[in-house]
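Here is how the chains run, residue by residue.
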Amino acid sequence: MSGASDSQIVFDAIHTQKKQQHLVRMMSETALEVHKIPNHNVKFESCVICKSSNVLFHVNKFGFNLDRCCDCGHIFCNPMPNSSQLNFYYNSPMKDFENEFFIESFEKRVPIFKKRIEIIKSFVPKGKLLDVGSAIGIFISALQREEYGFEVHCCDPSDGACRLLKEKYPEITIHQMMVEQLKADCGFDVVTMWDTLEHVESPVDVAMSIKKLLTPGGYWFFSTPNTDSFEWKVAGVDHVQLLPPGHINLFNLQSIKRVLLDADLELVEYFTPNGTLDVSYVKKLLQNGTPEYIKNAGNFFYQHIEDDSFLAAFAKLLTDTKYAGNIVVVARKRLVEDKG
Ligand SMILES: [Zn+2]
C-alpha cells in the first residue's frame, strides 16, 4: 500500500502550478455564465442523503449555496444546479482547463491509480470490469502497465473523452453514455468509479444503476473526497475541492454508508491511501500561518484523542521521526583521540 511512488503523490504535483493560479478565476468566470441560466430547482428542506431536517448553511462558493447536514455531515449544493446548468458547465472552457491539467499531471497521477489497482486485485483478480467516468483514461493506462486479468469496458458521456480513449486503447469496449443508460444485466464483476460521485446529483440513483450492472457478488470500487479527513478538517470552508457546480455532493464515511444502505449495497472495506496529499496540502495551509488553520490542525488531533488506532499510529510516527519524549543516545569513544 505504500512505496517509492508515494513521494510523487503530493499536492503540487497533482495540482499543477497553472491549475492553482487560474482555478478560481476560471471557475468564477464559468459560474457567472452558469448563473445566467435560470434554475427553478427548489431548495431542499432536509439532507439529500439522510433526510434529516437538521441542515445548516455551510458556505457560498462561486454563487452556489452549500449546506451541511448536522446529523450525517454530508455537504451538498442547495438548491442543486439543474441539468441545463450542468450541461453548460461540463461543456465549458472550464472542462478543457481541467482536462489540460489532468494531462499535464498524468504521470504524477498514475501512482494514485496503482494503489487503487492493488486494492481491486486483492478482492477480484480477474473478470469483466467497467470503468465509469474514464475521462482521459489515467486508470486504464495504470491498469495496462500491470499484469491484469480483466476484460475492460469504459463508460463516459463525453464525446472528446471517448474519442481519445478509442484512439489510445483500441482493445477496450467504450460506451459513450451515462452509466444509468447502460443496459442492465451486463454482468460486470467489477465497476470502478474514480472521483465522480461528488459530481452527481443523485448518488443513490447512481448506486442503484451500478448495482444492476454487477454480477451477484460483484464489486463496486469508488473514490470521492473525504470531508472527515485531516486536510478537510484543517482547510474547513476554504478547501480547494469545494467546487460547485462541479462538486455538488461531498461525502464522509457516514453519508457514504447511507447511500450504500439505501441502494442495498454492502460496505466491505474502505481505505484512504494518499496521506502524502493531506500532509502536503496542510503544509501549504499552515505555511501561511493563518491562526484558523493552526487551530483546526490542533482540533483534528483533539477530536481523535479517544481513537486508539489513531493514537497508536501517531505514537509510531513520533518514534519513527524521533520526536518522542525520551531520547536514547548511543555514543562511543573514538579509537584515536583528537589531540588538537
Ligand atoms: Zn444527513
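Numbers given for residues are sequential positions, taken from 1 along each chain in its written order. Residues qualify for local features only when their pLDDT is at least 70, as the model is predicted, and side-chain atom pairs are given and counted only at 80 or more; totals for whole chains, interfaces and linings, by contrast, use all residues. Side-chain descriptors were evaluated using all non-hydrogen atoms of the structure, hydrogens and water having been removed beforehand.

*Asks:* Talk me through the overall build of the chain; I want residue IDs and the actual numbers.
*Replies:* Helix numbering and strand numbering both begin at the N terminus, where a helix is a DSSP run of H or I of at least 4 residues and a strand a DSSP run of E of at least 2. The number of helices and strands found in the chain is 13 helices and 9 strands. This radius of gyration counts C-alpha atoms alone. The globule rule is 2.2 Å times how many residues there are, raised to the power 0.38. Taken over C-alpha atoms, the radius of gyration comes to 22 Å for the chain, in line with the 20 Å a tight globule of 340 residues would show. When each of the 340 residues of the chain is scored for burial, the buried share is 43%. By definition in these notes, contact holds between two residues if any of their heavy atoms fall within 4.5 Å. Partitioning the contacts of the chain with sequence separation of at least 6, the portion at a separation of at least 24 is 72%. Accessible surface area values rest on a Shrake-Rupley calculation with a 1.4 Å probe, where residue burial reflects the displayed protein chains alone. Of the accessible surface of the chain, which amounts to about 18,700 Å², a share of 54% is contributed by carbon and sulfur atoms. His residues and chain termini do not enter the charge count, which takes Lys and Arg as positive and Asp and Glu as negative. By convention, the point assigned to a charge is CZ for Arg, NZ for Lys, CD for Glu and CG for Asp. Where the 36 positive side-chain charges of the chain centre and where its 43 negative ones centre are 5 Å apart. Buried, partly exposed and exposed residues are distinguished by accessible area as a fraction of the type maximum, computed with a 1.4 Å probe on protein chains only: under 20%, between the cut-offs, and over 50%, respectively.

*Asks:* Mind laying out the pattern of salt bridges, listing which residues take part and the relevant values?
*Replies:* One side chain can pair with another of opposite charge once the charged atoms of both are near each other. Salt bridges are defined as contacts in which a side-chain nitrogen from Lys or Arg sits within 4 Å of a carboxyl oxygen from Asp or Glu. Scanning the entire structure with this criterion turns up 15 salt bridges. E104 is paired through a salt bridge with K18; the nearest N and O atoms lie 3.2 Å apart. Highlighted residues: E104 in helix α4 (residues 93-104) and K18 in helix α2 (residues 17-35), separated in sequence by 86 residues. We classify K18 as partly exposed; its relative accessible area is 37%. Linking K36 and E33 is a salt bridge whose minimum nitrogen-to-oxygen distance equals 3.1 Å. Judged by its relative accessible area of 35%, E33 falls in the partly exposed class. Each member of the salt-bridge network shares a partner with another, and the members are K18, E100 and E104.

*Asks:* For the sheet that holds strand β4 (residues 126-132), give the residues involved together with the corresponding values.
*Replies:* Across the sheet, which stays open at both edges, the 5 strands sit in the order β6-β5-β4-β7-β8 with parallel pairing between neighbours. Only two strands of the sheet have a single partner each, and these edge strands are β6 (173-175) and β8 (214-223). With direction set aside, neighbouring strand axes in the sheet form an average angle of 25°. Pairing of strand β7 (residues 188-194) with β8 involves 6 bridges; the strand directions are parallel. Within β8, the position partnered with V190 by the bridge is Y219. Note on geometry: axes are C-alpha line fits, over the in-contact stretch for helices, and angles between N-to-C directions span 0 to 180 degrees. Sitting on the sheet, helix α8 (residues 203-213) touches β4, β7 and β8, and the angle it makes with β8 is about 140°. Should DSSP find at least two bridges between two strands, the strands are taken to pair.

*Asks:* Requested: an account of α8, with residues and values cited.
*Replies:* All of the buried residues in α8 are P203, V204, V206, A207, S209, I210 and L213. On the buried face of α8, the contacting elements are β4, β7, β8, β9 (249-250) and α10 (253-262).

*Asks:* Would you mind going over the pairing of strand β5 (residues 149-155) in detail, with residue names and values included?
*Replies:* Within β5, 5 of the 7 residues are buried, which leaves the element mostly enclosed by the surrounding structure. Note that β4 and β5 share 7 bridges and pair parallel. Across the sheet, the residue bridging to D131 is C154, located in β5. This β-α-β element, β4 to helix α6 (residues 138-144) to β5, shows right-handed connectivity. Across 3 bridges, β5 lies against β6 in parallel orientation. Across the sheet, the residue bridging to H153 is T173, located in β6. Handedness of a crossover is defined as follows: orient the strands so they point away from the viewer, and if the path from the first strand over the helix to the second runs clockwise, the crossover is right-handed. Crossover connection from β5 via helix α7 (residues 159-168) to parallel β6: handedness right-handed.

*Asks:* Describe the nonpolar core, and please don't skip the residues or the numbers.
*Replies:* Here, nonpolar core means buried Ala, Val, Leu, Ile, Met, Phe, Trp, Tyr and Cys residues that are tied together by side-chain atoms lying within 4.5 Å of each other. C47, L130, V191, I210 and W220 are the most contacted members of the largest nonpolar core, which totals 50 residues. Setting aside residues up to four positions removed in sequence, V191 forms contacts with L130, V132, I210, L214, Y219, W220 and F221. Counting 37 residues, the second-largest nonpolar core is a separate cluster that includes V110, I117, Y169 and Y293.

*Asks:* For the packing of aromatic side chains, give the residues involved together with the corresponding values.
*Replies:* Within 6.5 Å between ring centres, the rings of Phe, Tyr and Trp (the latter by its six-membered ring) count as paired, and their orientation is classed by plane angle as stacked under 30 degrees, edge-to-face over 60, tilted in between. Applying the stated criterion across every chain, the model contains 16 aromatic pairs. Measuring from ring centre to ring centre gives 4.8 Å for F11 and Y281, while their planes differ by 15°; the resulting arrangement is stacked. Residue F11 is located in helix α1 (residues 11-14), and its partner Y281 is located in helix α11 (residues 275-287); the two are separated by 270 residues in the primary sequence. In this pair, the class of F11 matches that of Y281, namely buried. Measuring from ring centre to ring centre gives 5.6 Å for F123 and Y219, while their planes differ by 50°; the resulting arrangement is tilted. Here Y219 lies in strand β8 and F123 lies in helix α5 (residues 106-123), a separation of 96 residues in the sequence. Given the relative accessible area of 28%, F123 is considered partly exposed. Residue Y219 is classed as partly exposed on the basis of its relative accessible area of 25%. Pairwise contacts between aromatic rings join F230, F300, F301, F310 and F314 into one cluster.

*Asks:* Give me the lowdown on the coordination of the zinc ion, citing residues and values where you can.
*Replies:* At the metal site, the zinc ion is ligated by C47 (SG), C50 (SG), C69 (SG) and C72 (SG), and these contacts range over 2.3 Å. Coordination geometry of the zinc ion: the 4 donor atoms subtend angles of 102 to 116° at the metal centre, consistent with an arrangement described as tetrahedral. With water excluded from the atoms, a metal site may look incomplete; its donors are any N, O or S atoms within 2.8 Å, or within 3.2 Å for Na, K and Ca. Every geometry call rests on angle ranges, with four donors termed tetrahedral when all angles are between 85 and 135 degrees, four termed square planar and six termed octahedral when opposite donors are over 155 degrees apart and all others are between 65 and 115, and everything else termed irregular.

*Asks:* Requested: an account of α5, with residues and values cited.
*Replies:* Here the expected length of a helix is defined as 1.5 Å per residue gap, with one fewer gap than residues. Spanning 18 residues, α5 covers 26 Å between terminal C-alpha atoms, matching the ideal 26 Å at 1.5 Å per step. Among the residues of α5, F106, R109, V110, P111, I112, F113, K115, R116, I117, I119 and I120 are the ones counted as buried.

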